[in-house]
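Residue strings, one per chain:
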Amino acid sequence: MRAIRGDTELDLGPPKRLALLALLLLRAPGPLTLSEAVDILWDDEPPTSAVNVVHRHIGALRRTLEPELRSRTNAAHLVRAADGYRLLVDTSTSDLLRFRDLRAQAQLAVKGGAPAQAAQDFVEALRLWRGPVVAAGTSVARHPVFTSVGHEFVATVKEAADAVLTAAPALTEEVLAVLRHAVESHPFDEALHSRLIGALAVTGRPAEALRQFENIRGALAEELGVEPGPELRAAQQHLLQRRVPRDPAGAASRAGDTGRPAQLPADCLSFTGRQQALSQCLELLPLKGECQPPTMTAAICGMAGVGKTTLAVHWGHLVADHFPDGQIYVDLQGHHTSRAPLEPAEAITEVLDALGVKSDRAHPSAAALAAAYRTALDGRRLLLVLDDAEDCEQVRPLLPAAPGSLAVVTSRRHMEGLAVTDNARIITLEPMTREEGLELLDRRLGTDRIRAEYAAAVEIVELCGGLPLALAVAATRTLLQPHFPLASLAARLKDTDDCLDALSGRDARTDLRSSFHSSYEALSSSAARLFRLLSLHPSREVTVPAAASLAGTDLRRTRQDVAELMDHCLLVELAAGRYTCHDLLRTYARELSSLLDAPTVRSEALSRMFEHYLYSADAATALLAPHRSTVILPPPRPGVRPQRFGGRADAAEWIVAEQYLLPELVRSISHHPRGETFRRRLTSALETCLDSTGF
């Protein structure tokens, strides 16, 4: 609430007097009755003196508004009315009336087919807005007579955003600022958020727009337990499908260039989800007016079948116009099922050919080829998609040396070396969430079928582990057998002896088993052996000592093998020192072990694993219950690496982490040659440990 006479802001007095003036303004040009004023100003039982208090505040307001006034009968602003008072204002003296008048004009302009004029009127109305009618936190601020004015503001912001984004782009920044302010006050209004996302996209802030969607989606889920509604989802999809506007200066620099390469493969029509990864990719684009981009290289890394190429190609199409000199795609064949990885010189030649640059074909030296490559890229704004890299050395010669171009590398390796030497942004692509997986099936199978068999669809997403390639193959199998229920496919996927067959075929590009195998073949013999034997472990999580016991190798060798498996995205470190493998990879490793590891090798590995947990639990018992009498165990067999503990806390932490695995071992240890003896000892140690830790 503010009142101004000329250039002077008036002192309106205490909060209740401010609220009374606000009520008079809200009712203007109509009257405010005394009974309404009392009811609103005192939210509890009003005092007997309430009417007199209102009269005194009215008198004080008259003196403030008209200090020269001698008699209230001559008042020009605040006058008596039947059973109350009236404030004589119009659109020239009341911002609120002017606001409403401009909004009405804008609405008429929309109906009359003049959206540009409507946008001007809406924005002019919003310029009058300063904040809540009364101070937030006061008791009267919650009264509907005041909150309804806030609703007028929000409705006008939405109308203004629609008009501006449709017909008045020059006003987008101004309406964007108002949208931000409105969202702060109404954090769960999805319609506001959808328009804010649209405004951010139009003003060249796609990464921020994606973050805005993720923020409201998280808030809705956490605070209200709901998913975004259709309007917000539509804003998200529109954002992901629209293309980043071309920089006019960059476009002009290549005007008339008919040799602009556009080599990106076709975009995936069923692409869905991946908001976080797309947001990370969009952050790679330089901000408007920024000369030096944050990086010139991005590496999208992840396991086979996780959708790295699909993401890179989709993002490339999304931002293609940001690279006016073209987009070049090179398949580096790092994990091809039948071809050798592309040599860097061959890849450079492909890029030069795409740009129409001739090189010395007879005997080009590596130095000459590299120099020609750097010269060709200098001054250009190119997007290079370097797909399926074998390792860092294969792609380093292909990375841009000067600002302007951007290389997006995809690889099943983690490519950490590129982050060290080339300031590359590493984007690790994880399997899809349940919601993303269901949306992918929805895109491929149709909403009606997913709704009709929702439980089976959820089960398929979980059994595929959110792997996009597996989900796409599963959806195709279903389309080929339209009369088979989804539950029949889910049943096949549950069967570990059949699930990879259900997701495999004769096309090497879509055969899941072949895709896994090309990753496996890139391993050293030691890491490959550990990968196979890890499938014998009953838990999805394993520590280095447990892995060492399974393999019968020393801790140093095992750490190196684990690091190699992580580098090839065959293991993931979810918590410090604890490693896990995707369920479908575990199934594949189990197949390999049954084929390549002799029964005696598997039996010995299981025995070492059982002893690992027995001796580890015994060591934890000694720390957690030192006074308990125990039987002295004989030394473990060669190759067993029991867990070592630094103290009671370390032992208790291990017990907590393994509390679900140890009982499972007790049930399955009967397969061990000394199974009954080990079972009794492990049971005793487990009971003592769990009692000591409170489980």
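What you are looking at is a predicted structure, and each value in this text was computed from that prediction instead of being measured.

A. Focus on the overall build of the protein. If you tally the helices and strands in the protein, you get 32 helices and 13 strands. Among the 695 residues that make up the protein, the fraction classed as buried is 49%. Across the protein, every contact between residues at least 6 apart in sequence was considered, and the portion connecting residues at least 24 apart equals 69%. Carbon and sulfur atoms make up 53% of the accessible area of the protein, which amounts to about 33,100 Å² in all.

B. Here's a closer look at the sheet that holds strand S3 (residues 32–33). On the basis of which strands lie adjacent, the open sheet formed by three strands has the order S3-S5-S4 and antiparallel pairing. Looking at strand neighbours, the two that pair on one side only are S3 and strand S4 (78–81), the edges of this open sheet. In this sheet, strand S5 (residues 84–87) lies alongside S4 in antiparallel orientation, the contact comprising four bridges. Within the sheet, the bridge partner assigned to Leu78 lies in S5 and is Leu87. Set on the sheet, helix H3 (residues 50–65) makes contact with S4 and S5; between it and S4 the angle comes to about 145°.

C. Representation of the pairing of strand S8 (residues 383–389) in the model. Within S8, seven of the seven residues are buried, which leaves it mostly tucked inside the rest of the structure. Bridge count between strand S7 (residues 327–331) and S8: five bridges; the pairing is parallel. Its bridge partner being in S8, Asp331 is matched across the sheet by Asp387. Alignment of S8 against strand S9 (residues 406–411), held across five bridges, turns out to be parallel. Bridge pairing in S9 places Val385 opposite Val408.

D. Inspection of the pairing of S5 at higher detail. Of the pairings in the sheet, the one linking S3 to S5 comprises two bridges and is antiparallel in character. When the sheet's bridge partners are listed, Leu32 is paired in S5 with Tyr85. Where S4 hands over to S5, the hairpin turn is made up of two residues, of which Asp83 adopts a positive phi near 55°.

E. Structural detail: a negative patch on the surface. Together, Glu343, Glu346, Glu350 and Glu390 make up a negatively charged patch on the protein surface. Examined against the element boundaries, Glu350 turns out to sit in helix H14 (residues 344–354). Residue classification places Glu350 among the partly exposed residues on the basis of a relative accessible area of 36%.

F. Examining the environment of Leu565 more closely. Topologically, Leu565 is positioned in helix H27 (residues 555–567). Judged by its relative accessible area of 0%, Leu565 is buried. Separated by 16 residues in sequence, Leu565 and Cys581 place their C-alpha atoms 9.7 Å apart.

G. A look at helix H25 (residues 525–534). In terms of residue burial, H25 counts as a mostly covered element, since seven of its 10 residues are buried. Restricting attention to buried positions, one finds in H25 the residues Ala527, Ala528, Leu530, Phe531, Arg532, Leu533 and Leu534. Where H25 is buried, its residues meet helix H24 (512–520), strand S11 (541–542), helix H26 (544–551), H27, helix H28 (583–596) and helix H29 (599–624).

H. Molecular detail of the environment of Ala82. By the secondary structure assignment, Ala82 is in the loop between S4 and S5. On the basis of relative accessible area, Ala82 is assigned to the exposed category, the value being 68%. The spacing of Ala82 and Leu32 is 50 residues in sequence and 9.1 Å in space, taken between C-alpha atoms.

I. Representation of the packing of H26 against H29 in the model. For the pair H26 and H29, the least separation of the axes is 7 Å and the interaxial angle reads 145°. Every pair of crossing elements has a handedness; the one defined by H26 and H29 is right-handed. Note on element contacts: H29 touches H26 through Ala605, Arg608, Met609, His612 and Tyr613, opposite Pro545, Ala546, Ser549, Leu550 and Ala551. Of the residues contributing to the contact of H26 with H29, the split by class is seven nonpolar, two polar and one charged.

J. Up close: the confidence of the model for the protein. Of the residues in the protein, 88% have a pLDDT of 70 or more, and the chain-wide mean is 84. Within the model, pLDDT remains below 50 along residues 243–258, and this stretch shows 23 contacts once partners closer than five positions in the same chain are excluded.

K. Spatial organisation of the environment of Val202. Mapped onto the elements of the fold, Val202 is located in helix H8 (residues 190–202). As for Val202 and Leu165, which are separated by 37 residues in sequence, their C-alpha atoms are 7.9 Å apart.

L. Region of interest: the sheet that holds strand S12 (residues 572–575). An order of S11-S13-S12 is seen for the three strands of this open sheet, with the pairing classed as antiparallel. Lying at the two open borders of the sheet, with one neighbouring strand each, are S11 and S12. Relative to strand S13 (residues 578–580), S11 runs antiparallel, the two being bridged by two bridges. Following the sheet pairing, Val542 is matched in S13 by Tyr579.

M. Examining the packing of aromatic side chains more closely. Inspection of the entire model under this criterion finds eight aromatic pairs. Taking the centre distance of 4.8 Å and the plane angle of 15° together, the rings of Trp129 and Phe153 count as stacked. Separated by 24 residues along the polypeptide, Trp129 in the loop between helix H5 (115–127) and helix H6 (144–167) and Phe153 in helix H6 bring together distant segments of the chain. Relative accessible area serves as the criterion here: at 18%, Trp129 is assigned to the buried category. Note on Phe153: relative accessible area 4%, which makes it buried. Connected via pairs of aromatic rings, a cluster forms that spans Phe516, Tyr520, Phe531 and Tyr588. Cation over ring: Lys16 sits above Trp42, and NZ or CZ is 4.7 Å from the ring centre.

N. Up close: the nonpolar core. In terms of nonpolar packing, the biggest core is built from 172 residues, with Trp315, Ile460, Phe516 and Phe531 touching the most fellow members. Tallying contributions element by element places H6 first for this core, with 10 residues. When sequence neighbours within four positions are dropped, the list of residues in contact with Phe516 reads Met303, Ala304, Leu467, Leu500, Leu584, Leu585 and Tyr588.

O. Main features of a nonpolar patch on the surface. A cluster of nonpolar side chains, contributed by Phe188, Leu224 and Val226, occupies part of the molecular surface with about 250 Å² of accessible area. By the element assignment, Val226 lies in the loop between helix H9 (206–224) and helix H10 (230–241). Judged by relative accessible area, Val226 falls into the partly exposed class, the value being 37%.

P. Spotlight on the pattern of salt bridges. Across all of its chains, the model carries 30 salt bridges by this definition. Between Glu9 and Arg2 there is a salt bridge, with the nearest N and O atoms lying 3.2 Å from each other. Among the residues examined, Glu9 registers a relative accessible area of 45% and is labelled partly exposed. Salt-bridge contacts for Glu214 lead to Arg217; the nearest nitrogen and oxygen are separated by 3.0 Å. Of the two residues, Glu214 and Arg217 both sit in helix H9, three residues apart, roughly one turn of that helix.

Q. Quick look at the packing of helix H4 (residues 95–111) against H5. Remark: H4 packs on H5, axes separated minimally by 8 Å, with the N-to-C direction vectors making an angle of 165°. Classified by the angle between their axes, H4 and H5 sit roughly antiparallel to one another. Considering how the two elements wind past one another, H4 and H5 form a crossing that is left-handed. Of H5, the residues touching H4 (which contributes Arg98, Phe99, Leu102, Arg103, Gln105, Ala106, Gln107, Ala109 and Val110) are Pro115, Gln117, Ala118, Asp121, Phe122, Glu124, Ala125 and Leu126.

Rules of the game
Residues numbered from 1 in each chain as written. Predicted model: local features only at pLDDT ≥ 70, side-chain atom pairs only at ≥ 80, totals over all residues. Heavy atoms only, no water. Helix = DSSP H or I, 4+ residues; strand = E, 2+ residues; numbered from the N terminus. Buried < 20%, exposed > 50% of the residue type's maximum accessible area, 1.4 Å probe, protein only. Contact = heavy atoms within 4.5 Å. Areas by Shrake-Rupley, 256 points an atom, 1.4 Å probe, with all protein chains shown as cover. Pairing = 2+ DSSP bridges. Axes fitted to C-alpha atoms, helices over the stretch in contact; angles between N-to-C directions. Patch = residues over 30% accessible without salt bridge, like charges linked within 9 Å, V, L, I, M, F, W, Y side chains within 5 Å. Salt bridge = Lys/Arg side-chain N within 4 Å of Asp/Glu carboxyl O. Lys, Arg positive; Asp, Glu negative; His and termini not counted. Charge placed at Lys NZ, Arg CZ, Asp CG, Glu CD. Left-handed = near helix turned anticlockwise from the far one by under 90°. Nonpolar A, V, L, I, M, F, W, Y, C, P; charged D, E, K, R; others polar. pLDDT = per-residue confidence, 0-100. Phe/Tyr/Trp six-rings, centres within 6.5 Å; stacked < 30°, edge-to-face > 60°. Lys NZ or Arg CZ within 6 Å of the ring centre and 35° of its normal. Core = buried A, V, L, I, M, F, W, Y, C linked by side-chain atoms within 4.5 Å. Parallel < 35°, antiparallel > 145°, perpendicular 65-115°, else oblique.

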